[in-house]
Amino acid sequence: MTCRLQRRPRLREGWEPPGGVLELDERPEDGAVREVLEETGIRVSVERLTGVYKNMARGIVALVFRCRPVDGVERTSSESTAVEWLTPDEVEKWMGEVYAVRVLDPLAATTTPHIRAHDGRRLLESP
């Protein structure tokens, strides 16, 4: 298993999956496709929602979708310095915990989306 990831200049922790803010008139699935294309050069097809992640410190909710590549060529953008395929072991090694879980959760056999909260750096335990 591999996944499409990017390195963003502002991150000290290294790698982060593509993502961003939805346009006002944009569906979440369409926003995911747009962000991946803008940031990596790869057009994807959304398969399913795999997780909902809330940064409790900033009040930001991230929806994460499992996608498959359709076409395109990897390239960097103004928001990335590298675009690479990483194995699950590399994800655990090179990503911060709150980003790694967003990539690893979709690889789980479950079809139910994960719901997790974090403080910006670490996952918070479920009540």
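That block above? That's the structure.
Residues numbered from 1 in each chain as written. Predicted model: local features only at pLDDT ≥ 70, side-chain atom pairs only at ≥ 80, totals over all residues. Heavy atoms only, no water.

## Here's the deal with the pattern of salt bridges
The following threshold applies: A pair is scored as a salt bridge if a Lys or Arg side-chain nitrogen falls within 4 Å of a carboxyl oxygen belonging to Asp or Glu. Relative accessibility thresholds used throughout: buried, under 20% of the residue-type maximum; exposed, over 50%; partly exposed, between the two (1.4 Å probe, protein chains only).
Applying the stated criterion across every chain yields a total of 11 salt bridges. We note a salt bridge from Glu29 to Arg27, for which the minimum N-O separation is 3.7 Å. Residue classification places Glu29 among the partly exposed positions, given a relative accessible area of 29%. Since its relative accessible area comes to 48%, Arg27 is described here as partly exposed. The partner of Asp30 in a salt bridge is Arg27, and the shortest N-O contact between them spans 3.8 Å. Taken together, the shared-partner salt bridges in this structure form one network comprising Glu23, Glu26, Arg34, Glu35 and Glu38.

## Some points on the sheet that holds strand β4 (residues 60-72)
Definition in use: Two strands pair if DSSP finds at least two bridges between them. Secondary structure elements follow DSSP: runs of H or I no shorter than four residues count as helices, runs of E no shorter than two count as strands, and numbering proceeds from the N terminus. Throughout, an axis means a line fitted to C-alpha atoms (over the contacting stretch in the case of helices), and angles, computed between N-to-C directions, take values from 0 to 180 degrees.
Taking strand neighbours across the sheet as the criterion, the 3 strands line up as β4-β3-β6 in an open arrangement whose pairing is mixed. Each edge of the open sheet is held by one strand with a lone partner, namely β4 and β6 (114-118). Within the sheet, the average angular offset between the axes of one strand and its neighbour, ignoring direction, is 35°. Relative to β4, strand β3 (residues 42-55) is paired through 12 bridges, and the arrangement is antiparallel.

## With respect to the pairing of β3
In this antiparallel pair of consecutive strands, β3 and β4, the connection spans 4 residues, and Gly59 shows a positive phi of 70°. Inspection of the sheet shows β3 paired to β6 by 5 bridges, in the parallel sense. Residue Asn55 lies in a different strand from β6, and its bridge partner there is His118.

## Some points on the nonpolar core
Side chains of a nonpolar character, in soluble globular proteins, are inclined to be buried together. Cut-off, in case you're wondering: Residue types Ala, Val, Leu, Ile, Met, Phe, Trp, Tyr and Cys, when buried and joined through side-chain atoms within 4.5 Å, form a set referred to as a nonpolar core.
By size, the foremost hydrophobic cluster in this structure holds 9 residues: Trp15, Ala82, Leu86, Val91, Met95, Val98, Tyr99, Ala100 and Val103. For this core, the secondary-structure elements that each account for two or more residues are β5 (82-86) and α3 (97-104).

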